[in-house]
Amino acid sequence: MRNLILFIALTLSSIYGQAQYNFDFGVNLGATSFLGELGGPDKSPQNNFRDMNLESTRYAFGGFARYRFLPKLAGKVSLNYLRVSGADSLTNEPTKRARNLSFRADIIEASATLEYYFLSLNYLNKKARFNSDFKAYFFGGFSAFYYKPETEYQGEWYDLRTLRTEGQEKEYDQISFAIPFGVGFYYSVQRNIRIGMEFGYRATFTDYLDDVSDVYASPESLPFAQSILLANRTQERRAIEGDEKFPNSGFYQQGSKRGNPNSNDGYLLTQLSVSYAIRGKSSFYKARYNKVINKRRKRTKF
């Protein structure tokens with residue numbers, strides 16, 4: 001009976017020991033793809049996954065901390081710096097290409113997410129202890145981010161927000177919010193080191209990530225000379241491609257459609273991660289099974 005109790009105690013302590021590696025922190029490195037009005041495939045803008053342009057892929061990096069508070073649930077906070085971009089010159093769809101707008105936006109993103117582990121695989125070593133494991137999960141949460149859309153004109157970069165290129169009465173906010181969600185996995189190496197990957201999407205609450213949302217404003221309503229130059233860049237494309245294949249110029253006049261105000265912008269974020277897991281302290285094994293182990297040791301002592 002004592003041997004059975006000892007066996008159960010050792011087994012439980014081994015399992016519980018694995019559960020003690022609940023906290024890890026690490027770094028991310030990845031790539032972004034913008035999904036919005038600018039760029040996209042050779043068809044009309046959809047503001048969804050069909051608008052992805054591989055040519056406009058940019059970079060992302062950051063750090064995170066994660067705590068698993070239940071066997072299948074963990075919470076994570078992260079901070080990322082990333083860049084997204086888009087350009088109408090990357091598509092052959094006539095009306096978008098003739099619009100000829102482009103942008104880049106640097107983003108600082110802070111997020112809090114929950115991870116739900118739908119798949120867990122544990123690997124035992126020869127001593128029947130958990131040596132490594134694999135976990136796959138869905139995640140979702142909330143994020144806030146700072147963003148700064150810019151565009152290039154004759155070798156210089158201009159802050160589009162301050163130019164109010166759609167004739168806004170005031171500048172749109174520099175801080176917005178998003179719903180991050182997606183799928184990921186990580187593999188533990190010798191318990192402490194975790195290597196993972198995430199595929200996520202950010203559904204933002206703004207349509208001005210690329211500075212394009214509504215209609216062309218009248219030149220008189222634009223506040224600066226640079227605003228007039230950068231609000232409508234159709235003539236630059238006409239000068240390059242000529243008149244013959246150019247769409248009806250009425251598409252790009254005051255009051256005509258410049259963007260799609262009915263759909264907010266978003267971006268894909270794919271990240272590789274490396275993290276270090278910290279072993280926490282537990283009194284479970286010590287409180288319940290130390291007496292049994294100590295008695296066993298005393299009896300076997302010569």
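Preceding this paragraph is the structure being described.
Throughout what follows, the structure given in this document is the object of discussion.

Moving on, we come to the environment of Leu272. Inspection of the secondary structure assignment puts Leu272 in strand S9 (residues 266-278). When the C-alpha atoms of Leu272 and Glu198 are compared, they prove to be 6.7 Å apart, with 74 residues separating the residues in sequence.

This brings us to the nonpolar core. Leu82, Val84, Phe103, Ile107, Tyr147 and Leu209 are the most contacted members of the largest nonpolar core, which totals 19 residues. Of all elements in the fold, only strand S3 (73-87), strand S4 (102-124), strand S5 (130-153) and S9 reach the threshold of two or more residues within this core. The contacts of Tyr147, once residues within four sequence positions are left out, are Asp106, Ile107, Tyr172, Asp173, Gln174, Ile175, Ser176, Thr206, Tyr208 and Leu209. In this structure, Ala74, Tyr117, Tyr137 and Phe139 belong to the second largest nonpolar core, which totals five residues.

Before going further, it helps to examine the packing of aromatic side chains. What the rule picks out here adds up to 16 aromatic pairs. Geometrically, the ring pair formed by Phe34 and Phe103 is edge-to-face, given 4.8 Å between the ring centres and 65 degrees between the ring planes. Of the two residues, Phe34 is situated in strand S1 (residues 23-35) and Phe103 in strand S4; the sequence distance between them amounts to 69 residues. Accessibility assignment for this pair places Phe34 and Phe103 in one class, buried. On the numbers, 6.3 Å between centres and 5 degrees between planes, the contact of Tyr147 with Tyr172 is stacked. Linking Tyr147 in strand S5 with Tyr172 in the loop between helix H3 (160-163) and strand S7 (175-189), this pair joins segments that are 25 residues apart in sequence. Of the two residues, Tyr147 and Tyr172, both sit in the buried class. Aromatic ring contacts, followed pair by pair, group Tyr117, Tyr137, Phe139 and Tyr186 into a single cluster. Lying over the aromatic face of Phe64, Lys76 brings its terminal NZ or CZ to 5.0 Å of the ring centre. Just above the ring of Trp157 sits the side chain of Arg104; from NZ or CZ to the centre is 3.7 Å.

Every regular strand shows the same layout, with side chains that alternate between the two sheet faces. Pairing between strand S2 (residues 58-70) and S3: ten bridges, direction antiparallel. Residue pairing for S3: Phe61 is matched across the bridge by Tyr81. The turn linking S2 back onto S3 is made up of two residues.

Its identity is not glycine, yet Arg164 carries a phi of approximately 50 degrees, on the positive side. With respect to the secondary-structure elements, Arg164 resides in the loop between H3 and S7. Phi is positive for Asp211, close to 70 degrees, though the residue is something other than glycine. Classification of Asp211 as buried rests on a relative accessible area of 1%.

Definitions and cut-offs
- Residues take numbers from 1 onward in each chain, read along the sequence in its written order.
- With the structure being a predicted model, the display of local features is reserved for residues of pLDDT at least 70 and the display and counting of side-chain atom pairs for 80 or more, all residues being used for whole-chain, interface and lining totals.
- As a rule here, side-chain values come from all non-hydrogen atoms in the structure, and water together with hydrogens is ignored.
- Secondary structure is summarised from DSSP: a helix means a run of H or I of at least four residues, a strand means a run of E of at least two, and numbering begins at the N terminus for each.
- Only buried residues count toward a nonpolar core, which is a set of Ala, Val, Leu, Ile, Met, Phe, Trp, Tyr and Cys residues joined through side-chain atoms within 4.5 Å.
- Throughout this description, buried means an accessible area under 20% of the type-specific maximum (1.4 Å probe, protein chains only), exposed means over 50%, and partly exposed covers the range between.
- Pairs of residues are marked as contacts when any of their non-hydrogen atoms sit within 4.5 Å.
- The criterion for an aromatic pair is that two Phe, Tyr or Trp rings (for Trp, the six-membered ring) have centres within 6.5 Å, with stacked assigned to planes under 30 degrees apart, edge-to-face to planes over 60 apart and tilted to the rest.
- Any Lys NZ or Arg CZ found within 6 Å of a ring centre and within 35 degrees of that ring's normal is scored as a charge over the ring.
- Pairing between two strands is assigned when DSSP locates at least 2 bridges connecting them.

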